[in-house]
Amino acid sequence: INGQASSLSRDINVNMETIPGQQSDRRASRQDGRRPSIYSTMDAVPHLEFYCNATATGRLRRSRPSLETLRKAFEFIFPPLYEEQGEEENGAEGKTTEPVRFGWVTGVMIRCMLNIWGVILFLRLSWITSQAGILLTWVIILMSVLVTSISSLSVSAIATNGRVSSGGGYFMISRTLGPEMGGPIGMVFSFANALGCALNTVGFSESVRDLLVEYNAVMVDEINDVRIVGTITVTVLLLISLAGMEWESKTQVLFFLVLMVTFANYFVGTFIPATPQKQSKGFFGYRVEIFVENLLPDWRGSEGNFFQMFAIFFPSAIGILAGANISGDLKDPQTAIPKGTIMAIFSTTMSYLLISITAACVLRDASGNLNDSLPVNYSGPCEGLGCKLGWNFTKCEQSQSCSFGLSNSFQVLNLISGFGPLITAGLFAASLSSALAFLVSAPKVFQCLCRDNIYPYIGFFGKGYGKNDEPLRAYILTYFIALAFILIAQLNVIAPLISNFFLCSYALINFSCFHASITNSPGWRPSFKYYSKWTALFGSIISVVLMFLLTWWAALITFGIILFLFGYVTYKKPEVNWGSSVQAGTYNMALSYSVSLSSVADHVKNFRPQCLVLTGPPNLRPALVDFVGSFTKNVSLMICGDILMRNTDKLVKWLNRRKVRSFYTPFKGDSLREGASHLLQAAGLGKMKPNTLVMGFKTNWQECSPSSVENYVNTIYDTFDSNYGVCILRMMDGLDITEELQCEGVCAWNVLGFSLERWVRIRTVFQNKQGKKNIDVYWISDDGGLTLLVPYLLTRRKRWRRSKVRVFVIGQQQTKEDERTEMMVLLRRFRLDVHDVIVITDSERPPFSKNLNRFEDSIAGFRLREGQQAEGPAHQERTEGPWKISDKQMDAFRLKVRLNSGRYFVSVYVRSVPVPQGGCPSSLYMAWLDALSCGLHCPILLIRGNQQNVLTFYCQ
């Protein structure tokens, strides 16, 4: 071993490639955009494009070579990753216009803030504070924020568990819980957003109506004026939406700037000394006595209770999904949604809390009459806090006829501010921006629902237009729904309805996060880590409880609608497969019950005819199938079979006592290859069947009979040919503990009679805590991701949780940093917690002579002698002993061996298994595996998937 070599240079590496044209093949494949693995020019190194579902515009994506291709003996030249298509057509049509995409600030944070700063802030927050007092108002605000914050964490987790397309909350729920729950919530959520548009439009219309009343310019009456203004307003907003997302976004930024100026104007106004006119209306600036007076609640009227105040306020917090709802228009939804949503919640919460504190500036009741000021030496009757401040509001307080103050006027913010018209402008901006956001969100969500074809007769509204795929038809539908509720013209009637619909949406979003977490599906790997399945469950429960506490009749109606829509989807069973957590939960339940059933003793009362029916191809004997199905359906097991021409109880007990969740299936066979072949075909039940063969490394391959080596390697070959994955585990001291038991005086043929307790107490390295050791993964060839998935699943176990995964890939010195960056991007998209990526740049270095000599010595006993090298005798020898290696076969491969030394702080060493071409002698392949895994003190896992993706960065 070269002492000057780095630790990476000492890693085991064996390269077997055909000599003719190899270097030119490698250069050609690199120029095409694909580098071959060091194992073969056919094999491909990991690449992001292998995991993409859709192709780029005008291109056809090529995938990694299949196992069948890798097993063929001929050479294979990689095609380019993409092939350009239709260049002439594309040139004739000209360049396509790129759709508008938004970042996390303009696309999510500003949009959410504007949606949260709605009409409630300007028209109802001061009134809620007068009713509930400052303390309970803070409780109401923080309760609302608690619900929305937990929901935002769940949204962030779901949004970062794969690429999110358009559809927002509906997309996240449906892809997590499946169409059965996604479809109903998509309908309700779209409707809720349409109601949100109506709510904020009515708030704007009330403000305009108040201005008309103030200036004696009423058109018809107060109610109908709200309807008229609302109709005109929502029509204008529709036209802005139809103009496209770019215009809508610019409008939202303008509204945001207006609100910033409004807030600055308001808080400055709280410090400006009050004029007599403002004092007559209850404003006196910050006073301790006012603060103490307004600290506690003062419930008034039929609406004067805590939950009614919460029901009215909660819609002001529902805008947290405004950014997620346009997920299809974001540049990077996985980053933008968590960052923008959480920042928006924090900023708006602070603004609500600060504005509620300014209630320390205003009395609850005031007349607005300048004549109610008290003379200096007034000694007449006077009650209330106003007397101490020089004003007598006793008369209007007793008669409950006060027109001003926190409890009587919705224009308190206008009164407090430095310049009143700016508050009006802020109110207009807040209400219009929220209405516009809801008007955009509802069609986007509904369009995604329509395109999924879950419900009939709504596909018409899924059609998109323009570069941003705008749902113009859905815009028109949302417009008419919003208009219908605008005609109600009562803000306090609409608000509780919206609260119920959004609470239902939040309940399902939180439950989606909880359910995806609790099922322990390997596909649940959100890159956003600041969430908990238990807080998500709490958020789901509290949302349902609040639904009934706020408006119980609306909650019943909501659940009635959800159950009806759920029943329809369950009955229709749409043909979609999104890899939902419900599927993962079904698998967990089936696995758990199946394992539990294996330990249940048989009893005559529970006997069921579980039939293995030798039907051959079932469609050729339908009568036999129908007959047996008539008495086994929903009662017992039926398996259709197509045949092409010692006591095991203690072993099961040992598995159970050792807490290993596994089935034990003995199968008679004349050899390892025959038995494994039968098991690969017969093992499993329905979907619960193996897809990966795991076996131990044959450490005595040089000493045992050549036929035994041939049998072992052919088992691997058969597994590849059956399109299964392969895992080979090797440990320094081997896996067979028969000799250890014999040392303790136990006969090797009587191990079943050995003490069960003593068997259970035997510990292995995998039962120990691994500490902070590394898991080194040499991802040499792209096998679909199984090489990465197994180490990830290890780190999810408690014993391995502190271990760090390091990924090693093959690269070149001149492009080392680019290749490392590319691999980091791929791993981040997979949401795999990888500590580091290391690029090995010396893969083409000539082998050390010592390593090469060791490799040749290991196969010396399998080489053909000089007299057997001629074509005739060699063919005869290969027929009689297929494990024999000729000089020609040896010369056909270039071997490169480097031994590992010094990797002692590694818990597991994982490396890609090379796929041999047909005709490779079993002894040569065995020596290859041996060279890949020798000299290491830690467990070595040689692994190869079946070239089909087991990792994805998509939601569906």
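For every chain, the first residue of its written sequence is number 1, and the numbers climb from 1 along that sequence. With the structure being a predicted model, the display of local features is reserved for residues of pLDDT at least 70 and the display and counting of side-chain atom pairs for 80 or more, all residues being used for whole-chain, interface and lining totals. Only hydrogens and water are set aside; all other atoms, that is, all heavy atoms of the structure, feed into the side-chain values.

The name an unreviewed UniProt entry gives the chain is Solute carrier family 12 member 10, tandem duplicate 1, with Pygocentrus nattereri as the organism. In the Subcellular location (unreviewed entry) part of its UniProt record, the chain is described as follows: "Cell membrane". UniProt positions are given in the numbering used here, feature names are shortened, and annotations may be inferred rather than shown by experiment. Here the chain is described in UniProt, under the heading Sequence similarities (unreviewed entry), as follows: "Belongs to the SLC12A transporter family."

Undergrad: Report on the packing of aromatic side chains, specifying residues and quantitative values.
TA: Working definition: a ring pair exists when centres of Phe, Tyr or Trp rings (six-membered ring for Trp) sit within 6.5 Å. Plane angles under 30 degrees give stacked, over 60 give edge-to-face, the rest tilted. Enumeration according to the criterion identifies 30 aromatic pairs in this entry. Ring geometry for Y778 and Y909: centres 5.0 Å apart, planes at 35°, overall tilted. A residue pair is termed long-range when its members are at least 10 positions apart, and Y778 in strand β7 (residues 774-778) and Y909 in strand β10 (residues 906-912) qualify at 131 residues. Across the pair, Y909 and Y778 agree in class, each one buried. Between Y925 and W928, the ring centres sit 5.9 Å apart and the planes meet at 90°, which makes this aromatic pair edge-to-face. With Y925 and W928 both in helix α34 (residues 922-933), this residue pair falls 3 residues apart, about one helical turn. Each member of the pair, Y925 as well as W928, carries the same accessibility label: buried. Three or more aromatic residues link up through ring pairs in this structure, and these residues are F189, F310, F314, F438, F502 and Y506. Only DSSP runs of H or I covering at least 4 residues are called helices, and only runs of E covering at least 2 are called strands; the numbering of each starts at the N terminus. With a 1.4 Å probe rolled over the protein chains alone, any residue whose accessible area is under 20% of its type maximum counts as buried; one over 50% counts as exposed, and the rest are partly exposed.

Undergrad: Please provide a residue-by-residue account of the environment of P914, values included.
TA: Mapping P914 onto the fold places it in the loop between β10 and α34. According to the relative accessible area criterion, P914 is buried, its value standing at 0%. Sequence separation of P914 and L942 is 28 residues, and the distance between their C-alpha atoms is 9.0 Å.

Undergrad: Explain the state of the cysteines residue by residue, including any values.
TA: Disulfides are defined as pairs of cysteine sulfur atoms found within 2.5 Å of each other. Per the stated rule, a full pass over the model turns up 1 disulfide. Here C450 stays unpaired: no disulfide links it, and the sulfur of C448, its closest cysteine neighbor, is 9.2 Å away. Note on C450: relative accessible area 1%, which makes it buried.

Undergrad: So, a nonpolar patch on the surface: which residues are in play, and what are the values?
TA: A cluster of nonpolar side chains, namely F548, W552, W553, L556, I557 and I561, defines an oily patch on the protein surface of about 630 Å² accessible area. Among the elements that take part in the nonpolar patch, helix α21 (residues 552-572) stands out by supplying 5 residues, more than any other. Following the sequence through the fold, L556 ends up in helix α21. Only residues above 30% relative accessible area that lack a salt bridge enter a patch, with like-charged residues linked at up to 9 Å and the nonpolar side chains Val, Leu, Ile, Met, Phe, Trp and Tyr linked at up to 5 Å. We get accessible surface area from the Shrake-Rupley algorithm with a probe of 1.4 Å; when it comes to residues, only the shown protein chains can shield them. What makes a salt bridge here is a side-chain nitrogen of Lys or Arg within 4 Å of a carboxyl oxygen of Asp or Glu, nothing more.

Undergrad: Please set out a positive patch on the surface residue by residue, giving values where relevant.
TA: Think of it this way: Lys and Arg go in the positive column, Asp and Glu in the negative one, and His and the chain ends go nowhere. The atoms used to mark charge sites are NZ of Lys, CZ of Arg, CG of Asp and CD of Glu. On the surface, a cluster of positive charge is made up of K769, K772, R797, K798, R799, R801, R802 and K804. You can call R797 exposed: its relative accessible area is 57%.

Undergrad: Break down the pattern of salt bridges for me, citing the residues and quoting the values.
TA: For the structure shown, the criterion picks out 13 salt bridges. D298 is paired through a salt bridge with R300; the nearest N and O atoms lie 2.9 Å apart. For D298, a relative accessible area of 26% puts it in the partly exposed group. Note that D930 and R730 form a salt bridge whose closest N and O atoms lie 2.6 Å from each other. Placement of the pair is D930 in helix α34 and R730 in strand β6 (residues 725-730), with a sequence separation of 200 residues. Ionic contacts of the salt-bridge type, sharing partners, join the residues D298, R300 and D365 into one network.

Undergrad: Describe in detail the side chain of Q947, supporting the description with residues and values.
TA: Checked against the element boundaries, Q947 lands in the segment after β11 (940-944). Here, residues are in contact when the closest pair of their heavy atoms is within 4.5 Å. Ignoring anything within four residues of it in the chain, the contact list for Q947 reads R64, P65, S66, L67, L70, D782 and D783.

Undergrad: Please give an account of helix α17 (residues 420-451) that cites residues and values.
TA: Given a helix with a known number of residues, its expected span is that number minus one, times 1.5 Å. With 32 residues, α17 ought to run about 46 Å at 1.5 Å a step, and its terminal C-alpha atoms sit 47 Å apart, in line with that. Here α17 lies mainly inside the structure; 27 of its 32 residues are buried. Just past α17, the residue N453 takes up positive phi, approximately 55°.

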